[in-house]
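The residues making up each chain are set out below.
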Amino acid sequence: EFDGNPEPGADLAMGVSETMLDLAGHHLVTSGGMCLGVGTSLINQLNVGTISLLVPSLGDWTSDSGKDPLLLVTRPQKPLDFTIGDNTASSPALTIGINNLEVDFYAFLYERYVRAFTLDLTMNVGINLEFEQMPGQPAKIKPSLLGISSQTVTVKALNTEFVAETAQHLSMVLPSVFDLITPLLGNIPPINVPSFAGLSLNNLSIQHVTTTQDDFLALYATLGPSMLARSLASTDAV
């Protein structure tokens, strides 16, 4: 499918294989690239007061304002597993299988961060890609996230000795945290598509291509003059 001319109406065809994505997911975990910290500085609503609504015993340690900072630190336990789909709601362009991702919840209490508990998360995060292009402007990719909600995330509470609630209780109530975080994560700004060898990429489309070797996420596009080339053409003599 990628050997020879692209599909009719396209000048360029590029494919990313599922095997390469799985290898990248393995190295992303083993290199520490998935060890992240997300806290109140990034999401104001994510603070100790908000979490104490679900974990009341944690509120006994907070200040009067209840807005003490909270820090979530991720520790993946298994490689990421990628699946290529059809770029639809039921079959996202990319599905990232995240298994046993441990997230430590650190509450800022008495001038220090204290680990309140840990969540073991398993989920399938879908990513769809939409293309937007105004006449005469570079194309933009608009990503959207799917599959991150209290109904689709499997949660297991660990290291709960600091709080009075049982691990079983936390496993039931804490998935609702994702209903708070997901709308904020879903507001991903569009990404400008760069020029390619001095040419712009137009009429972009995504397809799921299956070959005898592998599954591919395929990008098709037509070539046109870049913004710089159009600017030069309007001022320079032929």
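For every chain, the first residue of the written sequence is number 1, and numbering continues from 1 along that sequence. In view of the model being predicted, local features appear only for residues whose pLDDT reaches at least 70, and side-chain atom pairs are presented and counted only at 80 or more, with totals across whole chains, interfaces and linings using the full set of residues. Heavy atoms throughout the structure, all of them, feed into the side-chain values; hydrogens and water do not.

### Some remarks on the nonpolar core
Phase 1: Only buried residues count toward a nonpolar core, which is a set of Ala, Val, Leu, Ile, Met, Phe, Trp, Tyr and Cys residues joined through side-chain atoms within 4.5 Å. Think of it in three bands: residues with accessible area under 20% of the maximum for their type are buried, residues over 50% are exposed, and the middle band is partly exposed, with areas taken using a 1.4 Å probe on protein chains only. Among the nonpolar cores identified, the biggest contains 47 residues, and Ile 51, Leu 58, Phe 117 and Leu 121 are the most heavily contacted of them.
Phase 2: In this structure Phe 117 touches Ile 51, Val 55, Val 103, Asp 104, Phe 105, Leu 158, Asn 159, Thr 160, Val 163, Leu 170 and Leu 174, once residues within four positions along its chain are discounted.
Phase 3: Among the nonpolar cores identified, the runner-up in size contains five residues, and Ala 10, Val 209, Ala 218 and Tyr 220 belong to it. Every residue pair with non-hydrogen atoms within 4.5 Å of one another is taken to be in contact.

### Describing the pattern of salt bridges
Phase 1: The rule for a salt bridge is simple: a side-chain nitrogen of Lys or Arg has to be within 4 Å of a carboxyl oxygen of Asp or Glu. Counting across every chain of the model gives three salt bridges.
Phase 2: Arg 75 is the partner of Asp 104 in a salt bridge, and the nearest nitrogen-oxygen pair spans 2.7 Å. Of the two residues, Asp 104 sits in strand E5 (residues 94-109) while Arg 75 sits in strand E3 (residues 70-76), which places them 29 residues apart along the sequence.
Phase 3: Asp 104 gets classed as buried once you look at its relative accessible area, which sits at 3%.
Phase 4: The class of Arg 75 is partly exposed, set by a relative accessible area of 27%. Secondary structure is summarised from DSSP: a helix means a run of H or I of at least four residues, a strand means a run of E of at least two, and numbering begins at the N terminus for each.

### Looking at the environment of Leu 145
Phase 1: By secondary structure assignment, the location of Leu 145 is in strand E7 (residues 140-146).
Phase 2: Residue Leu 145 is classed as partly exposed on the basis of its relative accessible area, which comes to 26%.
Phase 3: Separated by 19 residues in sequence, Leu 145 and Gly 126 place their C-alpha atoms 5.6 Å apart.

### Regarding the side chain of Ser 52
Phase 1: Here Ser 52 is to be found in helix H2 (residues 48-52).
Phase 2: Given the relative accessible area of 15%, Ser 52 is considered buried.
Phase 3: Residues contacting Ser 52, with those up to four places away along its chain left out, are Leu 58 and Gly 59.

### As for helix H1 (residues 18-30)
Phase 1: In this model H1 runs 19 Å from its N-terminal to its C-terminal C-alpha over 13 residues, within 8% of the 18 Å that 1.5 Å per residue would give.
Phase 2: At the exit of H1 stands Gly 32, carrying a positive phi of roughly 90 degrees. Helix span, as expected, comes to 1.5 Å for every residue beyond the first.

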